[in-house]
Amino acid sequence: QTKTAIALLYDEESENTYDVRLKLTKEVLTIQKQDVVCVGGSNQGRNHRTVTLRRQAVGGLGLSIKGGSEHNVPVVISKIFKDQAADQTGMLFVGDAVLQVNGINVENATHEEVVHLLRNAGDEVTITVEYLREAPAFLKLPLGSPGPSSDHSSGASSPLFDSGLHLNGNSSNTAPSSPSSPIAKDPRYEKRWLDTLSVPLSMARISRYKAGAEKLRWNAFEVLALDGVSSGILRFYTAQDGADWLRAVSANIRELTLQNMKMANKCCSPSNQVVHMGWVNEKLQGADSSQTFRPKFLALKGPSFYVFSTPPVSTFDWVRAERTYHLCEVLFKVHKFWLAEDCWLQANLYLGLQDFEFEDQRPYCFSVVASHGKSHVFNVELGSELAVWEKSFQRATFMEVQRTGSRTYMCSWQGEMLCFTVDFALGFTCFESKTKNVLWRFKFSQLKGSSDDGKTRVKLLFQNLDTKQIETKELEFQDLTAVLHCIHSFIAAKVASVDPGFMENQSLARKYMFSS
């Protein structure tokens, strides 16, 4: 289903905005601009049109103008009055730039100079025009032409206000003149919306931030295609329109991404399926305090979490990821998200781990803490996207835990090399690496607490089922963070297997993680 609307295209170089029409289909966002096209008769073969107007005793030339060189814009026709001289030609339109008046070039003329020429040009005025496709929005030209108007001003002219040329002006002939009507062989013109740019939405991304800046464009966004084509900065007349279009374009991109996932999964084994993927912005960990984000493409596939600079479009592209982490050994954290009442809500999803404070000002942030405590901070454009990433991480991690069943890590205590296994069915087991002799084993439900030194050592507190006493087991790992994240993943998966609604019920998930 096609969605259309009038919007503004912002030019960062000139800092002007221009009226455009957006056309959204399932696969493409099209940017349209108005132009005047020949629809019949003998085409002059050029964009320029030369039209002769006969000044009428009542109504004059029947048009108004705006603009001028003092504002670095050409003089343009801003109004055409119905059934008067300009309207009767069928060849003039609101938005036409005036190039010549009776053979005199006025492309670099001021507003007042053009007004003077037109008012003193006699009863017959020949003007050459060209439609200005990118008329700055500050001229406030109506999009429809011709149209009625109640403005009949004829006082002092101003380049940003209509200077009426629909009165008699300075004419020596007060007798009614014949109308300026077109004849059969004259070309016929119409103003139409024409496609100027098409942005394919497959694997496209949306940005609400200016590159290199942290200021959020509340009422504007940019769509960037996989091939580098950009929609430009699209602004909307109301915040509601901007939000509606942001959601609509995002929904189409998401649907196309799902189709790409289905195609990719046809070539993958059941244990290596893509669960979710999409664009995010990653916070760069620079030495300075300035906040800089860079677009990244993330994917949850099989046992791994991938970070790409560009989306994988073929099977071979999956080996060129910038980073790859095992899902069981990373921890997903909702950083903060934006509420309707414009306040922040801190949502910490750590399980017995130290919380981190972040100072970025972007809403909808999350972080992924990997091995050795390395943290990636990401931001998405919509709260709904944040919710999807949270749910997808949970689902992908739980599926991987159930597929692998267990993970074993080398550890040591008091100089003795040991093995520590986290098993989905059995819980925790510690055994000697050489003899395989089991030293101790506890169920997940027996784990009552833990503490660590933030480096290599951890204390696990288990309750003995017979004596009800707490037993402390202390171990040392080379990568303590990966082990703690693995414990978190397996316990969460165990709870999910007992309560199928765990993943669906976010409040229950948070309650469980906090209480644990």
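Residues numbered from 1 in each chain as written. Predicted model: local features only at pLDDT ≥ 70, side-chain atom pairs only at ≥ 80, totals over all residues. Heavy atoms only, no water.

*Asks:* Please clarify how unusual backbone geometry should be interpreted in this entry.
*Replies:* Located in the positive-phi region is Gln414, a residue other than glycine, with phi close to 55°. For Gln414, the position within the fold is in the loop between strand 23 (406-413) and strand 24 (416-423). Judged by relative accessible area, Gln414 falls into the exposed class, the value being 71%. The backbone of Lys436 shows a phi angle near 65°, a positive value even though the residue is not glycine. Note that Lys436 resides in the loop between strand 25 (427-432) and strand 26 (438-442). Overall, the relative accessible area of 52% leaves Lys436 in the exposed class. (Helix = DSSP H or I, 4+ residues; strand = E, 2+ residues; numbered from the N terminus. Buried < 20%, exposed > 50% of the residue type's maximum accessible area, 1.4 Å probe, protein only.)

*Asks:* Could you clarify how one ought to interpret helix 4 (residues 383-404) in this entry?
*Replies:* Each turn of an α-helix holds 3.6 residues, which means side chains three or four residues apart point in the same direction. If you check helix 4, its first and last C-alpha atoms are 32 Å apart, about what 22 residues at 1.5 Å a residue would give, namely 32 Å. Among the residues trailing helix 4, Gly405 stands out with phi positive, at a value near 85°. (Expected span 1.5 Å × (residues − 1).)

*Asks:* Any chance you could explain the side chain of Asp423 here in plain terms?
*Replies:* Examined against the element boundaries, Asp423 turns out to sit in strand 24. The side chain of Asp423 sits in the buried core without any salt bridge; Lys494 is the nearest counter-charge, 7.3 Å away. One polar contact links the side chain of Asp423 to the main-chain amide nitrogen of Ala425, over a distance of 2.8 Å. (Lys, Arg positive; Asp, Glu negative; His and termini not counted. Salt bridge = Lys/Arg side-chain N within 4 Å of Asp/Glu carboxyl O. Polar contact = N/O pair within 3.5 Å; in protein donor to acceptor, adjacent residues only side chain to side chain.)

*Asks:* Please clarify how helix 3 (residues 239-265) should be interpreted in this entry.
*Replies:* The terminal C-alpha atoms of helix 3, which comprises 27 residues, lie 38 Å apart, in line with the 39 Å expected from a rise of 1.5 Å per residue. Within helix 3, the full set of buried residues consists of Gly242, Trp245, Leu246, Ala248, Val249, Ser250, Asn252, Ile253, Leu256, Thr257, Met261 and Asn265.

*Asks:* Got a minute to help me understand the sheet that holds strand 11 (residues 188-200) in this structure?
*Replies:* Pairing between sheet strands relies on hydrogen bonds along the backbone, with the strands arranged either parallel or antiparallel. Read across the open sheet, the 7 strands follow the order 11-3-2-1-14-13-12; overall the sheet is antiparallel. Two strands in the sheet have a free side with no partner beyond their single neighbour: strand 11 and strand 12 (205-207). Strand after strand, the sheet turns through a mean of 45° between neighbouring axes, direction not considered. (Pairing = 2+ DSSP bridges. Axes fitted to C-alpha atoms, helices over the stretch in contact; angles between N-to-C directions.)

*Asks:* Looking at this structure, how should I read the packing of helix 4 against helix 5 (residues 480-498)?
*Replies:* A packed helix pair is summarised by two numbers, namely the angle formed by the two axes and the spacing between the axes. Packing of helix 4 against helix 5 leaves a shortest axis separation of 9 Å and a crossing angle of 95°. Overall, the two elements helix 4 and helix 5 adopt an arrangement that is roughly perpendicular. Between helix 4 and helix 5, the residues in contact are Thr397, Phe398, Val401, Gln402 and Thr404 and Ser489, Phe490, Ala492, Ala493, Ala496 and Ser497, respectively. Of the residues belonging to the contact of helix 4 with helix 5, the class tally is 6 nonpolar, 5 polar and no charged. (Parallel < 35°, antiparallel > 145°, perpendicular 65-115°, else oblique. Contact = heavy atoms within 4.5 Å. Nonpolar A, V, L, I, M, F, W, Y, C, P; charged D, E, K, R; others polar.)

*Asks:* Sorry if this is basic, but what is going on with the environment of Arg362 here?
*Replies:* By the secondary structure assignment, Arg362 is in the loop between strand 20 (344-346) and strand 21 (365-369). As a C-alpha pair, Arg362 and Asn379 span 17 residues in sequence and 7.0 Å in three-dimensional space.

*Asks:* Which parts of the structure should I look at to understand the pairing of strand 17 (residues 304-308)?
*Replies:* A regular strand carries its side chains on alternate faces of the sheet. Taking burial as the measure, the 5 residues of strand 17 include 5 buried ones, the bulk of the element. Going residue by residue along strand 17, you find Ser304, Tyr306 and Phe308 tucked away on one face and Phe305 and Val307 tucked away on the opposite face as well. Here strand 16 (residues 293-301) runs beside strand 17; their pairing, made up of 5 bridges, is antiparallel. Its bridge partner being in strand 17, Leu298 is matched across the sheet by Val307. Here strand 16 folds back onto strand 17 in antiparallel fashion, the turn holding 2 residues, of which Gly302 has a positive phi close to 55°. With 4 bridges joining them, strand 17 and strand 18 (residues 323-326) adopt antiparallel strand pairing. Paired with Phe305 across the two strands is Tyr325, which belongs to strand 18.

*Asks:* Which parts of the structure should I look at to understand the sheet that holds strand 26?
*Replies:* Taken together, 7 strands build an open sheet; the order of strands is 26-25-24-23-29-28-27 and the sheet is antiparallel. The open sheet has two edge strands with one neighbour each: strand 26 and strand 27 (447-452). Between one strand axis and the next, the sheet turns by 30° as a mean value, whatever way the strands run. Looking at chain direction, strand 24 and strand 25 are connected through 6 bridges and run antiparallel. Residue pairing in the sheet places Thr421 in a bridge with Thr429 of strand 25.

*Asks:* What is the right way to read the environment of Ser231 from this model?
*Replies:* Tracing the chain through its elements places Ser231 in strand 14 (residues 230-235). Considering only alpha carbons, one finds Ser231 and Phe221, 10 residues apart in sequence, at a separation of 9.1 Å. With residues near it in sequence (within four places) discarded, Ser231 still touches Leu9, Leu29, Ile31, Leu197, Val199, Glu222 and Val223.

*Asks:* What's the story with the pairing of strand 23 in this structure? I'm lost.
*Replies:* Examined bridge by bridge, strand 23 and strand 24 share 8 bridges and lie antiparallel to one another. Following the sheet pairing, Met410 is matched in strand 24 by Cys419. Counted between consecutive antiparallel strands, the loop separating strand 23 from strand 24 contains 2 residues, among which Gln414 sits at a positive phi close to 55°.

*Asks:* Would you mind going over the nonpolar core with me for this structure?
*Replies:* Looking at soluble globular proteins, one finds that nonpolar side chains tend to be buried together. Formed by 34 residues in total, the largest nonpolar core has its most connected members in Leu53, Leu63, Leu92, Leu118 and Ile127. Within the residue set of this core, elements represented by two or more residues are strand 4 (49-54), strand 5 (63-68), strand 6 (73-80), strand 7 (96-101), helix 2 (111-119) and strand 9 (124-131). The element contributing the most residues to this core is strand 6, with 5 residues. Grouped together as the second largest cluster of nonpolar side chains are 30 residues, Cys328, Phe428, Cys486 and Ile487 included. (Core = buried A, V, L, I, M, F, W, Y, C linked by side-chain atoms within 4.5 Å.)

*Asks:* I keep staring at the pattern of salt bridges and nothing clicks. Help me out?
*Replies:* Here the idea is simple: oppositely charged side chains can pair when their charged atoms come close. Counted under the stated rule, the structure contains 12 salt bridges. Arg49 is the salt-bridge partner of Asp96, the closest N and O atoms lying 2.7 Å from each other. Here Arg49 lies in strand 4 and Asp96 lies in strand 7, a separation of 47 residues in the sequence. Residue Asp96 is classed as buried on the basis of its relative accessible area of 0%. Residues Arg407 and Glu329 are paired through a salt bridge, measuring 3.1 Å at the closest nitrogen-oxygen approach. Of this pair, Arg407 sits in strand 23 while Glu329 is found in the loop between strand 18 and strand 19 (331-338), placing the two residues 78 residues apart along the sequence. Residue classification places Arg407 among the partly exposed positions, given a relative accessible area of 22%.

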